[in-house]
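Letter by letter, the chains look like this.
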There are 2 protein chains.
Amino acid sequence: MAGLVLLALALGAGALPFEQRGFWDFALDEGPGAPAGGRAARQAPPPPAEADDSGDGGDEASGAFPASGAPDAEAEAEAQPPPYGGLCPFGCHCHLRVVQCSDLGLTEVPKDIPPDTTLLDLQNNHITELRPHDFRGLHNLYALVLVNNGLRRVHAGALAPLRRLEKLYLSHNRLAAIPAPLPPGLLELRIHDNRIRAVPRRAFRGLRHVNCIEMGGNPLENSGFEPGAFDGLKLNYLRISEARLTSVPKDLPETLRELHLDHNRIQTLERDDLKRYGQLARLGLGHNEIREVAEGSLSPLGALRELRLEHNRLRRVPPGLPGLRLLTVVYLHGNRIARVGAQDFCAPPGAKRAHYQGLSLFGNPVAPGAVPPAAFRCLADRLALHFGNYK
Amino acid sequence: MAGLVLLALALGAGALPFEQRGFWDFALDEGPGAPAGGRAARQAPPPPAEADDSGDGGDEASGAFPASGAPDAEAEAEAQPPPYGGLCPFGCHCHLRVVQCSDLGLTEVPKDIPPDTTLLDLQNNHITELRPHDFRGLHNLYALVLVNNGLRRVHAGALAPLRRLEKLYLSHNRLAAIPAPLPPGLLELRIHDNRIRAVPRRAFRGLRHVNCIEMGGNPLENSGFEPGAFDGLKLNYLRISEARLTSVPKDLPETLRELHLDHNRIQTLERDDLKRYGQLARLGLGHNEIREVAEGSLSPLGALRELRLEHNRLRRVPPGLPGLRLLTVVYLHGNRIARVGAQDFCAPPGAKRAHYQGLSLFGNPVAPGAVPPAAFRCLADRLALHFGNYK
């Protein structure tokens, strides 16, 4: 025993920089407020002989220990390692297969995550990198939350073990690229507010099930989307708001039912811009710089129910609204519309058309008294119109 | 019809400030980057004739609309309002009863949330207030995420409809008080990084099931906890890290299995400080100012497995470690320990005790060579000791 300890001391004293293979995996914690350079002391106990598979205890703390005071002290004192009831990273809260590790000042993905974990919440830490083996063994994970970590790099193999991952939340980080490859079972990707400037061809290859991508808040220009970037996707929902788009990207999935492009720099809607998007039910184009909606550009949108064009630079009501027979909500407030014609909104009497549930025109330089009353004959009721408060 | 429209125009033009009772509930959006004073345009369509109760469509976009292009145009054109398949706030993504509205620049809780919603994610918006009817009808909600909203005020009745709420995440806001009353079914409350200075008596009254509270990152001093603040709680996990505590609060639940008080200003562990906490398996006291661990203060901790005292001002190994028979991890690095005795860690030969899986002593002014080898006779193996890298 004395020899062993001397060996340990020699090993400890001589190991600079420290590289521990066994129990310890030090990343020395300098505290929750520490920069990424700080290191965090963490523990990686050896895996239990049998993974705890029950996962539905009523009120266990972290699922890490049996529930009573010190019942098995005698028995356990003999055992090496002690028979843990499960694993839980120190400081995290593990309950019903959810591992909740937000706000812990972590600089790395903890190692001792129970293999049956389904949701891992690591938001608001300082994890700047996802390494190849960070998620090893987490085959049951369906949701991974890494929001707000200063994340800069995701190694190519890092996400590979996550065969059942459906939700990946990477918003508010410093990623310059969409991680690749992404887990093939992904349903939802959120990567808002990063530093993504380019989406290469087949960035989402193999993602046959994904239905929602939120990638707003990135410095994306139209040229950043390589042709084919969205090939093969069957997206329902796409949001590229708060970016640097100057026109509607033409190459998005035809399956889209919601497209949100608000807070960009889009200047016109050209005739063919929307021709792929016949499935759209909602189109958000508010807070752009749109001066002109070309004749016929809206006509492909046969399924459209909501069109938002508020806070643009339109000088007239977009042409083609009467032809969109399901359209019931149109936002046009905060534009430069000076004139409303009797046929701008409603189909000719007799032609079928849904009634507007909402139509906003305030904040335009048109006087309500100067509009022919018949212009609003296809409103559901008087409360469907918002015309007041204009400048 | 002309009369109706004229009435609408009059209403619109005269309504200053605008207060709409029906379809519109304007809070005019000045954009995602807008300050809380900005207002967001939102839509609150009338509820569908029948709430969509299926909630398990494979890939619907926002659950808001039927899936095909424009099949029922003729039929729908007759209907008022059109037969929506469900509700979803504009811009949010609604899928499988999860309503995901993060990063939308919202200044209010959206109104048109499906009544069968189970998880509502509103994080990273600008919702500064929760009003009495904001969650009306959401009887099935089990998780509500309001992280990072600049939230200042929660009206007394705001959370009352949430009879099934289990998880309430309020971290990173500006709350000066814990909202009251909290939903009685709550299991987990996270309210990290707010402005809470006081926890009044019975702040958590009626919460019979809550097992986890994370309230670190608040300017909490010991005097801020009114006696009885935690009465009746059966907490397993409590975190009050990164606060202003100068001693271990004495009035916490006896049921605690994990207590995290790191990054405070705790200066000593007195003899009776821990006497209530015999169930603790993990105790985190790193990054405090602890100079002294009183004789006997650790002895109530019969269930303790991990003790973290790193980065304090200890001059000696805390007394009583050999008596903690389940203790397998002790962090003592970054202290002022100059001497280690042969009996500091391990029980006398023959007495039963778990073997240490981890013991850190680096960053102390003790030379490995100056320690009697027998001091570490109860280590699991040589890798359990980390002694190197000391200054």
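Predicted, not measured: the structure shown is a model, and the values here were computed from it.

Trainee: Explanation requested: the overall build of chain A in the structure shown.
Mentor: On a plain count of helices and strands, chain A comes out with two helices and 18 strands. Expressed as a percentage of the 391 residues in chain A, the buried residues total 59%. In chain A, 48% of the contacts between residues at least 6 apart in sequence involve partners at least 24 apart. Only carbon and sulfur atoms are counted for the fraction: they give 50% of the accessible area of chain A, which is about 14,800 Å².

Trainee: I would appreciate a short explanation of the pattern of salt bridges in the present structure.
Mentor: Side chains carrying opposite charge are able to pair once their charged atoms draw close together. According to the stated counting rule, one finds 28 salt bridges over all chains in the structure shown. Between Arg153 of chain A and Glu129 of chain A there is a salt bridge whose closest N-O contact spans 3.9 Å. One end of the pair, Arg153 of chain A, is in strand β6 (residues 153-154); the other, Glu129 of chain A, is in strand β4 (residues 129-130), with 24 residues separating them in the sequence. Notably, a salt bridge pairs Asp273 of chain B with Lys250 of chain B, separated by 3.1 Å at the nearest N-O pair. Of this pair, Asp273 of chain B sits in the loop between β12 (268-269) and β13 (282-284) while Lys250 of chain B sits in the loop between β10 (237-239) and β11 (258-260), placing them 23 residues apart in sequence.

Trainee: How should the environment of Leu141 of chain A be read in this particular structure?
Mentor: Residue and element names in this part refer to chain A. Residue position: Leu141 is located in the loop between β4 and β5 (143-145). On a C-alpha basis, the gap between Leu141 and Leu324 in space is 43 Å, while along the polypeptide they are 183 residues apart. Those residues in contact with Leu141 that lie beyond four places of it in its chain are Thr117, Thr118, Leu119, Leu120, Leu162, Arg164 and Leu165.

Trainee: Mind showing me how you'd approach the packing of aromatic side chains here?
Mentor: Think of a pair of aromatic rings as described by two things: how far the centres are apart, and how the planes are tilted against each other in angle. Here the structure, examined in full by the defined rule, presents ten aromatic pairs over all chains. An aromatic cluster is defined as three or more aromatic residues linked by ring pairs; in this entry it consists of Phe345, Tyr356, Phe376 and Phe387 of chain A.

Trainee: Which parts of the structure should I look at to understand the layout of surface pockets?
Mentor: Taking a probe equal in size to a water molecule and rolling it over the atoms shows the remaining empty space. Reported here for the second largest pocket is a volume of approximately 690 Å³. If you trace the second largest pocket, you find 36 residues lining it, with Leu119, Tyr142 and Ala143 of chain A together with Leu119 and Tyr142 of chain B closest to the centre. Looking at side-chain class alone, the lining of the second largest pocket contains 16 nonpolar, twelve polar and eight charged residues.

Trainee: Teacher, can you tell me more about unusual backbone geometry here?
Mentor: Glycine aside, residues mostly have negative phi angles, and peptide bonds mostly take the trans form. All names here are of chain A. For the bond running from Ala180 to Pro181, omega is -5°, close enough to zero to count as cis. Relative to the elements of secondary structure, Pro181 occurs in the loop between β7 (167-169) and β8 (188-190). The phi dihedral of Asn124 is positive, around 60°, even though this residue is not glycine. Tracing the backbone shows Asn124 in the loop between β3 (119-121) and β4. With a phi close to 55°, His311 is a non-glycine residue in the positive phi region. Inspection of the secondary structure puts His311 in the loop between β15 (306-308) and β16 (329-331).

Trainee: What is the right way to look at the state of the cysteines in this model?
Mentor: The term disulfide refers to a covalent linkage connecting the sulfur atoms of a pair of cysteines. A complete count under the given rule lists six disulfides over all chains for this structure. The side chain of Cys88 of chain A participates in a disulfide bridge whose partner is Cys94 of chain A; the two sulfur atoms lie 2.0 Å from each other. Judged by the sign of its S-S torsion, about 85°, the bond between Cys88 of chain A and Cys94 of chain A is right-handed. You can see Cys212 of chain A has no disulfide; the closest cysteine sulfur is in Cys88 of chain B, sitting 9.9 Å from it. Given a relative accessible area of 0%, Cys212 of chain A falls into the buried group.

Trainee: Explain the environment of Asn124 of chain B here, please?
Mentor: On the basis of relative accessibility, which here comes to 13%, the residue Asn124 of chain B falls in the buried class. Through-space distance from the C-alpha of Asn124 of chain B to that of Val147 of chain B is 6.5 Å; in sequence the pair is 23 residues apart. Not counting residues within four places of it along the chain, the set of residues in contact with Asn124 of chain B comprises Val147 and His172 of chain A together with Asp103, Leu104, Val147, Asn148 and Asn149 of chain B.

Trainee: When you look at the environment of Glu292 of chain A in this model, what are you seeing that I'm missing?
Mentor: Residues and elements named next belong to chain A. If you trace the backbone, Glu292 turns up in strand β14 (residues 292-293). Relative accessible area serves as the criterion here: at 36%, Glu292 is assigned to the partly exposed category. Note: C-alpha distance between Glu292 and Pro319 (27 residues apart in sequence) is 9.7 Å. Those residues in contact with Glu292, other than ones at most four positions away along the chain, are Gln267, Thr268, Leu269, Leu314 and Arg316. For Glu292, the side chain forms a polar contact with the side chain of Arg316, separated by 3.3 Å.

Trainee: Sorry if this is basic, but what is going on with the side chain of Ser360 of chain B here?
Mentor: All names here are of chain B. Secondary-structure assignment places Ser360 in strand β17 (residues 358-360). Residue classification places Ser360 among the buried positions, given a relative accessible area of 0%. Side-chain polar atoms of Ser360 contact the side chain of His333, separated by 2.7 Å.

Trainee: Can you walk me through the confidence of the model for chain A in this structure?
Mentor: Low pLDDT means the predicted atomic positions in that stretch should not be read closely. Residue and element names in this part refer to chain A. For chain A, per-residue confidence averages 81 on the pLDDT scale, and 77% of positions sit at 70 or higher. Of the regions scoring below 50 in pLDDT, residues 1-85 engages in 201 contacts with residues more than four places distant in sequence or in other chains. Complex prediction metrics read pTM 0.81 and ipTM 0.80.

Rules and cut-offs
Residues numbered from 1 in each chain as written. Chains lettered and ligands numbered in written order. Predicted model: local features only at pLDDT ≥ 70, side-chain atom pairs only at ≥ 80, totals over all residues. Heavy atoms only, no water. Helix = DSSP H or I, 4+ residues; strand = E, 2+ residues; numbered from the N terminus. Buried < 20%, exposed > 50% of the residue type's maximum accessible area, 1.4 Å probe, protein only. Contact = heavy atoms within 4.5 Å. Areas by Shrake-Rupley, 256 points an atom, 1.4 Å probe, with all protein chains shown as cover. Salt bridge = Lys/Arg side-chain N within 4 Å of Asp/Glu carboxyl O. Phe/Tyr/Trp six-rings, centres within 6.5 Å; stacked < 30°, edge-to-face > 60°. 1 Å grid on protein atoms, 1.4 Å probe; cavity = no way out; pocket = protein on both sides within 12 Å on 5 of 7 lines; lining within 4 Å. Points joined across faces, edges and corners; volume = space filled by probe spheres on them. Nonpolar A, V, L, I, M, F, W, Y, C, P; charged D, E, K, R; others polar. Disulfide = S-S within 2.5 Å. Polar contact = N/O pair within 3.5 Å; in protein donor to acceptor, adjacent residues only side chain to side chain. pLDDT = per-residue confidence, 0-100.

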